[in-house]
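What follows is each chain in one-letter form.
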Amino acid sequence: MMVSVEAGERRRSTVALRCLIFLIVVLLATAVMVAQQLGAGAYVAELGSTDPDEARHFVTALMVADHAAAGFPAPSAFAADYALNAPQALPLARLTLFHGLAGGWLALLTPTTPAALLLPAVLAALLVVSAGWATARAAGVLPAVAVGFVLAALPLLREASFVLGLDLPLALVTLLSALAFGRHMRLGTRASAAVFAATGAVSVLMAPAGAVVVLLPPLAALMAGRLDVMRRARVLVPLAGLALLALAVALAAGRLPPVVTAEGPAQVWQTLRAVFGTLPLACAAAGFVFTVFDGWRRDEDAVDPAALAPVAALVPAFALAFGLGAGRGVALDAVVLLAPVAMLAAFGAMRLIGLVVSGWGTIRELAVALMLLLAAMPGLLQQVRKGAIGMDAAAEAFLARDAVPPVIVVAGDARGEAALGAAIAQRDRARRSFVLDASRLSAPTPEELLAAFDAMGAAALAVETRETGAVPASRVAQATVAAFPDRFRVIGTFPRADGRGEVVLYAFSRAAPAPSDPAPVLRRLSAPAQP
């Protein structure tokens, strides 16, 4: 009896020590991510300056936080009113678990850019440490450390850590779901099934592409040669629940994929090849093949297939998801595959070296770690920047004027319009100002745009000009200023950090008294917000 009690205490002490070490490493990795953000200029750049979705996620998170602070009023009416002040807020049907997480984060901290970007820094750190922690089981400690270093050095992951978006949380929860299912394949207990069901549900609710966790059990069972797993109730019941949840989320969001296309997987493959290079990708492909081979060979000396098969299953699962149109067609779509590919590269390199030499485990681990570190050097030397585009300063200048009514129209590309809306929402916490994107106005001529300005009682116009050429909304706005110079007065000019354009803020002189409440006119003139 005494022996069992002591064994239980030792086991609990070991688990507690491992958790403490994990948290310490995560904190250190977070500090590295924050330093990278600081060096890249992310804290002085606008939210949305590189990706308009970032501004939409930030404003939507603010809406969630403000809704809770207001005592949870009627959601539909609250969201409709909020969209007038901040048109970047997503419709209720497009809200995900991430917006609730980010909203709680901003409510706990402050709605500032450093506080907002601390969330992706923590998520990136968790992804890096989790991937390295899991790699230690399949390839050893030294390759695991190298995997963490490679991930932290990849330009694509660094870029993702500068952006408040869905890519990092999706990458983290799908990796945790894969690891949870691998644990369930080994143990087969109710507790392990519940952990997989919980992580899978979080993945489905986190982002639309998170529904790929439904494919993990059959693909992992096929790769591991464990098809008997799919006949267990403790796998089928959670899987059926996740499938129903994914279908409900897709129907609510209206995002059922229509057809399968080849553009998504091809674009992701090209991105991975540019990020990792040929040698690590070849090792990852070898790791994928060895995972399937070991699973079907049933070699007792091989690594337990449950340790890697679910991780390897993420690759074809996301390839199918991107083929169904789950991705946006941008490089950040590939972030979800960085950790699985890095882990497979370490495992594949270990197995390839094992074909040549036997034994010398530490030497093999050192060789694999050296190979991965050398492969990561070019990415580490590549500079990743997030520069300001002038919209933040324009928002401050507009709010300092205290115009009545506080209506500003912004004419620029998607990033410029989103960045100004997020900057004003971040600073005008009382929501007195109204922001309207010129691209959402049905005013193709200067005369029509001027009439829309008079109707809504606009007080200011922010126009983005770039060396690469103006977008249609900016061209119409510039033509309006040129056609009616007596109605517009320059308040300030705010250059981009890269020197390739500027934002010009104009004060608008109204020809008639402004409406006392611009909200009805704004509802009539503006189109619904687009995700």
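Residues numbered from 1 in each chain as written. Predicted model: local features only at pLDDT ≥ 70, side-chain atom pairs only at ≥ 80, totals over all residues. Heavy atoms only, no water.

Novice: Is there a simple way to explain the nonpolar core in this structure?
Specialist: The tendency in soluble globular proteins is for nonpolar side chains to be buried side by side. Counting 117 residues, the largest nonpolar core has Leu151, Leu157 and Phe276 as the members making the most contacts within it. Tallying contributions element by element places helix α5 (residues 113-139) first for this core, with twelve residues. Ignoring any residue separated from it by four or fewer positions in sequence, one finds leucine 151 in contact with Val128, Ala131, Leu157, Leu338, Ala339 and Ala342. Counting 27 residues, the second-largest nonpolar core is a separate cluster that includes Leu84, Ala438, Phe508 and Ala519. (Core = buried A, V, L, I, M, F, W, Y, C linked by side-chain atoms within 4.5 Å. Buried < 20%, exposed > 50% of the residue type's maximum accessible area, 1.4 Å probe, protein only. Helix = DSSP H or I, 4+ residues; strand = E, 2+ residues; numbered from the N terminus. Contact = heavy atoms within 4.5 Å.)

Novice: I would appreciate a short explanation of helix α20 (residues 472-483) in the present structure.
Specialist: Working note: α-helix, 3.6 residues per turn, so residues spaced by three or four point in the same direction. Over its twelve residues, α20 extends 16 Å from the first C-alpha to the last, a length consistent with the 16 Å expected when each residue adds 1.5 Å. The complete set of buried residues in α20 reads Ala473, Ser474, Val476, Ala477, Thr480 and Val481. Buried residues of α20 fall within an arc of 165° about the axis and therefore sit on the same side. Among the exposed residues of α20, those oriented more than 90 degrees off its buried face are Pro472 and Ala482. Elements that come into contact with the buried residues of α20 comprise β1 (407-411), α18 (414-427), α19 (446-456), β3 (460-466), β4 (488-495) and β5 (501-508). (Expected span 1.5 Å × (residues − 1). Arc of directions from axis to C-beta.)

Novice: Explain the domain arrangement of the protein chain here, please?
Specialist: Interfaces are often sized by the amount of accessible area the parts lose when they come together. Structurally, the protein chain comprises domain 1 (19-49 + 116-381), domain 2 (62-111) and domain 3 (391-526). The C-alpha centroid of domain 2 is placed 30 Å from the C-alpha centroid of domain 1. Opposite the 15 residues of domain 1 that make contact, domain 2 presents nine residues. In terms of surface lost to domain 2, no three residues of domain 1 exceed Leu119, Leu205 and Met206, which account for 37% of the buried area on that side. Taken together, the connections running from domain 1 to domain 2 amount to zero salt bridges. (Domains from an automatic or database assignment. Buried area = accessible area lost by both parts, 1.4 Å probe. Salt bridge = Lys/Arg side-chain N within 4 Å of Asp/Glu carboxyl O.)

Novice: I'm lost on the packing of aromatic side chains in this one. Help?
Specialist: Each aromatic ring pair is summarised here by two numbers: the centre-to-centre distance and the angle between the ring planes. One pass over the full model with this rule turns up seven aromatic pairs. Measuring from ring centre to ring centre gives 6.1 Å for phenylalanine 453 and phenylalanine 488, while their planes differ by 65°; the resulting arrangement is edge-to-face. In this pair, phenylalanine 453 is assigned in helix α19 and phenylalanine 488 in strand β4, connecting sequence segments 35 residues apart. Judged by relative accessible area, phenylalanine 453 falls into the buried class, the value being 0%. With relative accessibility at 9%, the residue phenylalanine 488 sits in the buried group. Aromatic ring contacts, followed pair by pair, group Phe453, Phe488, Tyr506 and Phe508 into a single cluster. (Phe/Tyr/Trp six-rings, centres within 6.5 Å; stacked < 30°, edge-to-face > 60°.)

Novice: Explain the pairing of β3 here, please?
Specialist: The side chains of a regular strand alternate, first on one face of the sheet and then on the other. Counted residue by residue, β3 has five buried out of seven residues, so it is predominantly covered. Strand direction decides the pairing type here: β3 and β5, joined by seven bridges, are antiparallel. Bridge pairing in β5 links leucine 461 to tyrosine 506. (Pairing = 2+ DSSP bridges.)

Novice: Explain the environment of proline 280 to me, please; I cannot follow it from the model alone.
Specialist: Among the structural elements, proline 280 can be located in helix α13 (residues 278-297). For proline 280 and methionine 33, which are 247 residues apart along the polypeptide, the C-alpha to C-alpha distance reads 23 Å. Each residue touching proline 280, except ones within four places of it in the same chain, is listed here: Ala345 and Ala375.

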